[in-house]
Structures are given as structure tokens and as C-alpha cells.
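Below are the chains, spelled out letter by letter.
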Amino acid sequence: MWEKEAWKLLENSIIYYQGRPIGTKAAQDPEMKSLNYDQCFIRDFVPSALVFLMHGRTEIVRNFLTETLAMQSHDKGMDCFEPGSGLMPASFKVEHDGEREFIEADFGEDAIARVPPVDSCLWWILLLRAYVKATGDIALAHQSDFQTGMKLILDLCLVHRFSMYPTLPVLDGSFMIDRRMGVGGHPLEIQVLFYAALRTVKELLLPQDGGDRYLDAVIQRLGALRYHIREYYWLDLQRINEIYRFKNDEFGQEVANKFNIHPESIPAWLTEWLPENGGYLAGNLGPGHMDFRFFALGNLMAILASPASSEESQSIMNLFEERSCDLIGFMPLKICFPAVEGLEWRIVTGSDPKNLPWSYHNGGNWPTILWLFAAAAQKTGQQELASRAIALAETRLIEDRFPEYYDGKQGRLIGKSARIYQTWTVAGLLAAKEIMNNPKHIELLSFEEEIESPGCRVW
Ligand code: GLC
């Protein structure tokens, strides 16, 4: 009967504003009250929102969407200390000054290392779609303030920048991994969320009031982005063989090695590790740079949002099956594999003691990702894999009081600085269970594969 206990925890985590539920606290650890875990993080709210929607508790999600929309940044010019127009906060909390309640949002000004939460605005768009799917209340998305909110996000993401790719360039630590981890540039997680958000806009943005201009840009970007992710991020044995024999310093349009990846950068572990029938999308891709690490969230979301083809999706799930020791271990799921160690750890993390090898973001295990695993397994028909992972997590999570993350190569240790009663751990497990019981739930965040349009311009 752990579900009852989990629901109680979820219930107790709810944040109220003027008597209305508007989000959930990140954690309710009675021993560690410091930092900002009493706030509602937009990304952390995703599994909670799904669970609420699955149970017809749609009001909290609607309130969340409306309140966070009101927090969206509208900067007043070129002030370098103001969050860019369209940005959504990383987190927010409700404060009282004796007389009244007010909401305080954090766009990264208070966050450790001042990291900008690029993923927040993308998750927000995805939650809007999930809400519309669950309730049929398309009128909310069609309201003019919601239409403007989406356009502001598009302004932020689609503008011309110092970039030649259809992908979105971001700083290190701008998503779930919100510390320096060598994930700046064009990290997979952001590209896949960006792709999913653009697909949502295509469904929810109205052509009137200039919307048609945005829609044209969105459609063009989607084709280029999908091609880019599928073709250039994809790694399997065949692709590694191609990269291994790449020529370098090629000039011009029609070259095989577009990003000038040096074959010498293929890490030694990779060729041994990749199974014959498995593959995945690389962690990052930029000039002369391919991050060969495996990142779970980006890959699973790629299955759900379908920048990955259905064949690629199967290969990703095969990889989980064949390398479950590394990617699931004793606690699903490994956030990224492998850990960076030694001198590389010094250079990549800036000697961060929280991100020691096989700890926290650097190869730790995060149970919240379980809901995405369940959804990806449902979509690819690999339910058995998810059922095993859930069974493994269930008992331990309850005994260990729902920690934020686990450490160790196989996730056998409760994370050194992990909070207990972490809300997205609770909600991640609940959502995973619900998804296994009712496959229809994946529609909340899943997209059909898009048909290639022959006319689309690719780079
Ligand atoms: C940590 C995680 C981040 C999460 C936050 C609140 O900073 O890295 O992804 O949103 O905690 O749980």
C-alpha cells in the first residue's frame, strides 16, 4: 500500500496561493530545510502534473500554467541582469509579508552559479499540451495571454544568433543538470525538448495576429532539427565505424564530416560497450566536438517526442536491455553514462565535489526518470523492461523514503547530499505505475513520428 503513502506525500507537497493549489515543493526533507527545495521547480512539477492530470485533478495544473505564465519575463530593454523576454523561471515560491501573499520567481539570479533554466519554458509548453489533452480545454491555450506567452518563447528560441545549426545553443547547466558538467553547447536534452515544444506550438498556436509567421518558421525549423538530431547525433556501431574513418579539415558543403569530429576523440570504452543491436543519441554536438556520453532523459524524451525514428527508438531500448547493469543497476535510472573521472573530472566539472565520479549528475541514478522510461517502454512495446525497473525501484524507494538520487556505479548508495521525500521521486514512481496500468496516458506527452516532407531544407 505504498501508493497511499506516496499520495499523502504528494498531497502535502502542494503549494497554495490565495487558497488555490499552484504547484508542488521540490522536497519535504525534515532534516534539510536549507537551499531552495521548498520552492516549486517547473521541471520538477512535470511528473506531479502528469499524476494529477491522470487523476482528473486538472485544476492545479491549470493554476500552475496560469500563474507561471504571469511570471514569464518581459524585459524592459537591454539590461544584462534582466532575464531575457520570454524566459520562464526555474522555480518560484509563495511569500507572506504579514498582510498579503506574493509570488517570488527565480530565473537563475539566486540559483547556484546563476544558471539560466532554458528547459523551463519548453516544459511549460509541453505541460500546456498535456493539460489540453487531458481536459479538452483548448480554449485555455487559445486565450490571447497564452498565445502571446508561446510567441515570446518562440522569439527567444527562434531568433538569429551566432549559430549555424538548427539546434539551440545554451550555457553549461541550463536544464536538469544545473551545474557545470560539460553540457554547454548543444546538449541533447534541450534539443529534444525544443523539438517537442515546436511540435506543440504547431498544434496550439493560432494563425491570427501574426501567428502564421511563427508557424512558418516553426515548420521549417522542425524539419531541419529532426534531420539534424537523427542524422548527426545518432550513434551505433555502423556510425562509429564511419566516424572512425572520418577525414578531417574538409572544406565546403558536401562533406561527410560536417562538424570536423576527430576520430581520436572516440572514447576507448565506447566500442566495447555498444551492443550490436543498440544505439543512442549523443549527448552534445558542436564544432569539433561530439560528447559520446549517454544521457537518459534526452534519449527517452527523443523516443516520446519522436525526433528519433521508430527504429532508433527500438535501438535505444535495446541498449537499456543489454546494458541494464550500467544504465539501471539497482536503481533506475542512470542520469548519464559513464562518469567523468580524474583529470577529466577536474576540467569538465571544475573539480566539483558534488559531482564526483558516479555521484549526483556525474553518473548518479535518478528515480524520477522512471516515468519517462515507462512511457518510452510503452511506446516501443518493451513493457517488460519497465515493469522490471519499477519492481526494482518500488521497494527500495519506500524503505529509503524517496531520496532525490543514488550514487555508485550501480546506484546502490543513497546520494551523499540527497534529500529524502523528494517530490519528483514520489511522482515519478506514481506516474510510471499509472503509465504501465493505462498505456493511453502516454498520449499526454507523446507525439507520432512526423512524415518527412521532401521540400524541407536541411543543412
Ligand atoms: C537540483 C537538480 C535539478 C532540480 C532541483 C530541484 O538542482 O539538479 O534538476 O530541478 O535540484 O529538485
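In this text, all values refer to a predicted model and were calculated from it rather than measured experimentally. (Residues numbered from 1 in each chain as written. Predicted model: local features only at pLDDT ≥ 70, side-chain atom pairs only at ≥ 80, totals over all residues. Heavy atoms only, no water.)

Draft legend 1. View of the side chain of Thr-68. Here Thr-68 is to be found in helix 3 (residues 58-71). Of the polar contacts made by the side chain of Thr-68, one reaches the backbone oxygen of Phe-64; its length is 2.5 Å. In this view, Thr-68 contacts Ile-42, Met-88, Phe-92 and Trp-124; residues no more than four positions away in its chain are not counted. (Helix = DSSP H or I, 4+ residues; strand = E, 2+ residues; numbered from the N terminus. Polar contact = N/O pair within 3.5 Å; in protein donor to acceptor, adjacent residues only side chain to side chain. Contact = heavy atoms within 4.5 Å.)

Draft legend 2. Here's a closer look at the pairing of strand 2 (residues 20-24). The element strand 2 is extensively covered by neighbouring structure, given that four of its five residues are classed as buried. With four bridges joining them, strand 1 (residues 14-17) and strand 2 adopt antiparallel strand pairing. Paired with Tyr-16 across the strands is Pro-21, a residue of strand 2. The antiparallel pairing of strand 1 with strand 2 creates a hairpin that spans two residues between the two strands, and Gln-18 there sits at a positive phi of about 50 degrees. (Buried < 20%, exposed > 50% of the residue type's maximum accessible area, 1.4 Å probe, protein only. Pairing = 2+ DSSP bridges.)

Draft legend 3. Representation of the packing of aromatic side chains in the model. Inspection of every chain in the model, using the stated rule, returns 19 aromatic pairs. Between Trp-124 and Phe-146, the aromatic rings sit 5.7 Å apart at their centres with planes inclined by 20 degrees, giving stacked as the arrangement. Residue Trp-124 is located in helix 4 (residues 118-135), and its partner Phe-146 is located in helix 6 (residues 144-158); the two are separated by 22 residues in the primary sequence. Exposure remark for Phe-146: the relative accessible area of 0% places this residue in the buried category. Against the face of Tyr-360 rests Lys-354, its NZ or CZ located 4.3 Å from the ring centre. The cationic tip of Arg-412 hangs over the ring face of Phe-330; the distance from NZ or CZ to the ring centre is 3.7 Å. (Phe/Tyr/Trp six-rings, centres within 6.5 Å; stacked < 30°, edge-to-face > 60°. Lys NZ or Arg CZ within 6 Å of the ring centre and 35° of its normal.)

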